[in-house]
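Architecture at a glance
Okay, here's what each chain looks like letter by letter:
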Amino acid sequence: MVNLHRERKAKARRAAQTQAEENRIRFGRTKAERESTAQELERQRQRHEGHALTEREEHEEPRR
C-alpha cells in the first residue's frame, strides 16, 4: 500500500532539488567568472566576424 500524500511530498522534494541544482549552475558563479566568460565569448565573436567573406552593413544585425 502506498501513501499518496507521502509520494506527492517526495515528488515535490525531488522537483525542488532539481531546480536548486539548475539554479546553482546558472547563478552560482562569481563576478570574475562571469566577466571572464563574457570576454571569451566576445573574443570568439570578433574572431568569427573577422573571418566573414563580406562586410556587414551598419544597420545589419550580427548573426547569433
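Details of the structure are given in the entry above.
First things first, this report covers the structure right here in the doc.

So, how was this worked out
Residues numbered from 1 in each chain as written. Predicted model: local features only at pLDDT ≥ 70, side-chain atom pairs only at ≥ 80, totals over all residues. Heavy atoms only, no water. Patch = residues over 30% accessible without salt bridge, like charges linked within 9 Å, V, L, I, M, F, W, Y side chains within 5 Å. Areas by Shrake-Rupley, 256 points an atom, 1.4 Å probe, with all protein chains shown as cover. Salt bridge = Lys/Arg side-chain N within 4 Å of Asp/Glu carboxyl O. Lys, Arg positive; Asp, Glu negative; His and termini not counted. Charge placed at Lys NZ, Arg CZ, Asp CG, Glu CD. Helix = DSSP H or I, 4+ residues; strand = E, 2+ residues; numbered from the N terminus. Buried < 20%, exposed > 50% of the residue type's maximum accessible area, 1.4 Å probe, protein only.

1. Re a positive patch on the surface
Together, Lys9, Lys11, Arg13 and Arg14 give the surface a local cluster of positive charge. Relative to the assigned elements, Lys9 resides in helix 1 (residues 4–27). In this structure Lys9 comes out as partly exposed when scored by relative accessible area, which is 46%.

2. Some points on the pattern of salt bridges
Here the structure, examined in full by the defined rule, presents two salt bridges. With its nearest N and O atoms 2.7 Å apart, the salt bridge here joins Arg43 to Glu40. One end of the pair, Arg43, and the other, Glu40, are both in helix 2 (residues 31–50), three residues apart, so they sit about a helical turn from each other. For Arg43, a relative accessible area of 48% gives the class partly exposed. Classification of Glu40 as partly exposed rests on a relative accessible area of 34%. The residue Arg45 makes a salt bridge to Glu42 at a minimum N-O spacing of 2.7 Å. Taken together, the residues span about one helical turn, with Arg45 and Glu42 both in helix 2 at a distance of three residues. Residue classification places Arg45 among the partly exposed positions, given a relative accessible area of 38%. A residue is classified by how much of its surface remains accessible, and Glu42, at 33% relative accessible area, is partly exposed.

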